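# Fold and geometry: a report
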Amino acid sequence: HTTPESEKLPLDWRTLDSTPFKKLVVIRCLRPDRLTVAVKNFIKATLPSGSTYTDADGELNSYQVLEQAFSDSDPAIPIYFILSPGANVVADVDKLALKFGMVAGSSYHNISLGQGQDVVAQERLENGHRQGHWVILNNVH
């Protein structure tokens, strides 16, 4: 099958079609290579106007899409990136930070989580919350 994530599951597993999130869990176990497509389909089918979240405008580049997302955010609505392996949005975020006068290491912090970085990340998040800084956390998994 060209789209195994959309196929009906066999036998008793067929009932998972009525609980899409549980079906995602099974797909994650059986076909992790198809999870990205399955999540996209889940969002389209489950969220109101789900296609608006999954189908980016083909005429916009990644920076323009980020600008639009930024205009929809505010201090109480952060932007989360769920990226495919190898994807990198840091250059676009750096460019946007510059546009809004953020200074790397001062009002804009880019932290790659790893050994001991949890303390640094927590501190930057707390300061960012109080002072309006931007904080980007990489490798959150």
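Throughout what follows, the structure given in this document is the object of discussion. (Residues numbered from 1 in each chain as written. Predicted model: local features only at pLDDT ≥ 70, side-chain atom pairs only at ≥ 80, totals over all residues. Heavy atoms only, no water.)

Counted according to the given criterion, the structure contains 6 salt bridges. One salt bridge in this structure joins Lys23 and Asp17, with 2.9 Å as the shortest N-O distance. Lys23 gets classed as buried once you look at its relative accessible area, which sits at 10%. By relative accessible area, which is 28% here, Asp17 ends up partly exposed. For Glu67, the salt bridge is made with Lys99, and the minimal N-O distance between the two is 2.6 Å. On the criterion of sequence distance, the pair formed by Glu67 in helix α4 (residues 62–72) and Lys99 in helix α5 (residues 90–99) is long-range, its members being 32 residues apart. (Salt bridge = Lys/Arg side-chain N within 4 Å of Asp/Glu carboxyl O. Buried < 20%, exposed > 50% of the residue type's maximum accessible area, 1.4 Å probe, protein only. Helix = DSSP H or I, 4+ residues; strand = E, 2+ residues; numbered from the N terminus.)

If you check the backbone angles, Leu11 has positive phi at about 50° while not being a glycine. Turning to its location among the elements, Leu11 is positioned in the segment before α1 (20–30). Despite not being glycine, Ser49 has its phi angle at roughly 55°, a positive value. In this structure, Ser49 sits in the loop between α2 (35–46) and α3 (51–54). When its relative accessible area of 55% is taken as the criterion, Ser49 is described as exposed.

So, about the packing of α4 against α5. Where α4 meets α5, the axes come as close as 10 Å, and the angle between the chain directions of the two elements is 55°. Relative to α5, the element α4 lies oblique. Relative to α5, the crossing made by α4 is right-handed. In this structure, α4 uses Ser62, Tyr63, Leu66, Glu67 and Phe70 to contact α5, whose residues at the interface are Asp92, Val93, Lys95, Leu96 and Lys99. Here the residues of the contact of α4 with α5 are counted per class, giving 5 nonpolar, 1 polar and 4 charged. (Axes fitted to C-alpha atoms, helices over the stretch in contact; angles between N-to-C directions. Parallel < 35°, antiparallel > 145°, perpendicular 65-115°, else oblique. Left-handed = near helix turned anticlockwise from the far one by under 90°. Contact = heavy atoms within 4.5 Å. Nonpolar A, V, L, I, M, F, W, Y, C, P; charged D, E, K, R; others polar.)

Attention now goes to the pairing of strand β1 (residues 108–112). As paired strands, β1 and strand β2 (residues 134–138) are joined by 5 bridges and run parallel to one another. Paired with Asn110 across the bridge in β2 is Ile136. Each parallel crossover has a hand, and the one from β1 via helix α6 (residues 117–131) to β2 is right-handed. (Pairing = 2+ DSSP bridges. Right-handed = clockwise from strand over helix to strand, strands pointing away.)

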